[in-house]
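Spelled out, the chains give:
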Amino acid sequence: MNVLSLFKPITTFVFDVDGVLTDGTVQLLPNGEQSRRMNIKDGYALQLAVKKGYRIAIISGGRSESVVSRLQGLGIKDIYTGITDKQEKLQDYVFENDLQWEQVIFMGDDIPDYRAMQLVGLPVCPADAVPEIKSISRYISPVNGGNGCVREVIEKVLKLNGHWTIDEEIASR
């Protein structure tokens, strides 16, 4: 089976944050705050997917107001942080939104994502995910977490479904 055929039915993207939307590095600031780095190209793909009518959910064990603020600014509404049982949260989300598992992609990178990833039609991970996550992933992005792996999988789905478009007015600037 061609792995691209698994991307076509996707209507819903679920992402972990640390190690997927970020590179997994936490910078400790003098005031006790923690800083994370996100890729602007991931942000472009996320907001485009929202505009094209795809569901995006974030399920993270971490808590960060700046991360939530950034994701809300991209148009993402389904943001769940401080989640200790990602499998349970994902099951609730799929049930509440009347989704089919084959429509859902989950991108995780580490052990807390393992059980949730086993539920979805298309479990995927960044290139630098831990071996246990790689072993259950149907697709491993060639891109590391926080460096565009989110864009890479979103772009595949949108292109396969004719939704990856270039706004000619913006492109000509």
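Throughout this document, residue positions are counted from 1 along each chain, in the order its sequence is written. With the structure being a predicted model, the display of local features is reserved for residues of pLDDT at least 70 and the display and counting of side-chain atom pairs for 80 or more, all residues being used for whole-chain, interface and lining totals. Here the side-chain values reflect all heavy atoms present in the structure, with hydrogen atoms and water set aside.

## Focus: the nonpolar core
Where we set the bar: Only buried residues count toward a nonpolar core. Its members are Ala, Val, Leu, Ile, Met, Phe, Trp, Tyr and Cys residues joined through side-chain atoms within 4.5 Å. Residue exposure (1.4 Å probe, protein chains only): buried if accessible area is under 20% of the type maximum, exposed if over 50%, otherwise partly exposed. In what follows, a contact means two residues having at least one pair of non-hydrogen atoms within 4.5 Å.
Ranked by internal contacts, the top residues of the largest apolar core, which has 33 residues, are Phe13, Phe15, Leu46 and Ile154. Setting aside its immediate chain neighbours within four residues, isoleucine 154 contacts Phe13, Phe15, Ala45, Leu46, Ala49 and Ile56. Of all hydrophobic cores here, the second largest spans 18 residues; its members include Ala57, Ala116, Met117 and Ile133.

## Looking at helix H3 (residues 65-73)
Three or four residues apart is the spacing at which side chains of an α-helix point the same way, because the helix has 3.6 residues per turn. Our working rule: Runs of H or I in DSSP of at least four residues are treated as helices and runs of E of at least two as strands, each being numbered from the N terminus. The directions considered for the arc run from the helix axis to the C-beta atoms.
Turning to H3, its buried residues are Val67, Val68 and Leu71. Seen along its axis, H3 keeps its buried residues to an arc of 100°; they face one direction. Exposed residues lying more than 90 degrees from the buried face of H3 are Glu65, Ser66 and Gly73. Each element contacted by the buried residues of H3 is listed here: helix H2 (40-51), strand E4 (55-59) and strand E5 (78-80). At the exit of H3 stands glycine 75, carrying a positive phi of roughly 95°.

## Section: the UniProt feature "binding site: substrate" (unreviewed entry) in the protein chain
Spelled out, the test is: UniProt positions are given in the numbering used here, feature names are shortened, and annotations may be inferred rather than shown by experiment. Here a polar contact is recorded for every N or O atom pair within 3.5 Å, except that within protein the pair must consist of a potential hydrogen donor and a potential acceptor, and residues adjacent in sequence are included only if both atoms are side-chain atoms.
In the numbering used here, UniProt assigns the "binding site: substrate" (unreviewed entry) feature to Asp18. In this fold, aspartate 18 is placed in the loop between strand E1 (12-15) and strand E2 (27-28). What makes aspartate 18 partly exposed here is its relative accessible area of 24%. If near-sequence neighbours (up to four positions away) are discounted, aspartate 18 is found in contact with Gly24, Arg36 and Asp109. Engagement of the side chain of aspartate 18 in a polar contact is seen with the side chain of threonine 22, the distance being 3.4 Å.

## A closer look at the packing of aromatic side chains
Operational definition: Here is the rule: rings of Phe, Tyr and Trp (six-membered ring for Trp) pair when centre to centre is within 6.5 Å. Planes less than 30 degrees apart are stacked, more than 60 are edge-to-face, and the remainder are tilted.
The tally for this structure, following the rule as stated, stands at five aromatic pairs. For the ring pair phenylalanine 13 and phenylalanine 15, a centre distance of 6.0 Å and an interplane angle of 5° mean the geometry is stacked. Residue phenylalanine 13 is classed as buried on the basis of its relative accessible area of 0%. The interplanar angle of 50° and the centroid separation of 5.8 Å between the aromatic rings of phenylalanine 13 and tyrosine 54 together place this pair among those described as tilted.

## Observations concerning the pattern of salt bridges
Rules: Criterion for a salt bridge: a side-chain nitrogen of Lys or Arg within 4 Å of a carboxyl oxygen of Asp or Glu.
Applying the stated rule across the entire model yields eight salt bridges. In this structure, arginine 36 and aspartate 18 form a salt bridge, with 2.7 Å as the shortest nitrogen-oxygen distance. You can see arginine 36 sitting in the loop between strand E3 (34-35) and H2 and its partner aspartate 18 sitting in the loop between E1 and E2, a full 18 residues away along the chain. Between lysine 86 and aspartate 113 there is a salt bridge, with the nearest N and O atoms lying 2.6 Å from each other. Of this pair, lysine 86 sits in helix H4 (residues 86-96) while aspartate 113 sits in the loop between strand E6 (104-107) and helix H5 (114-117), and the two are 27 residues apart along the sequence. A residue is classified by how much of its surface remains accessible, and aspartate 113, at 1% relative accessible area, is buried. Several salt bridges share partner residues, and in doing so they unite Asp16, Lys86 and Asp113 into one network.

## Topic: the side chain of asparagine 39
For asparagine 39, the location among the structural elements is in the loop between E3 and H2. Among residues more than four places away in sequence, those in contact with asparagine 39 are Leu21, Arg70, Gly146, Asn147 and Gly148.

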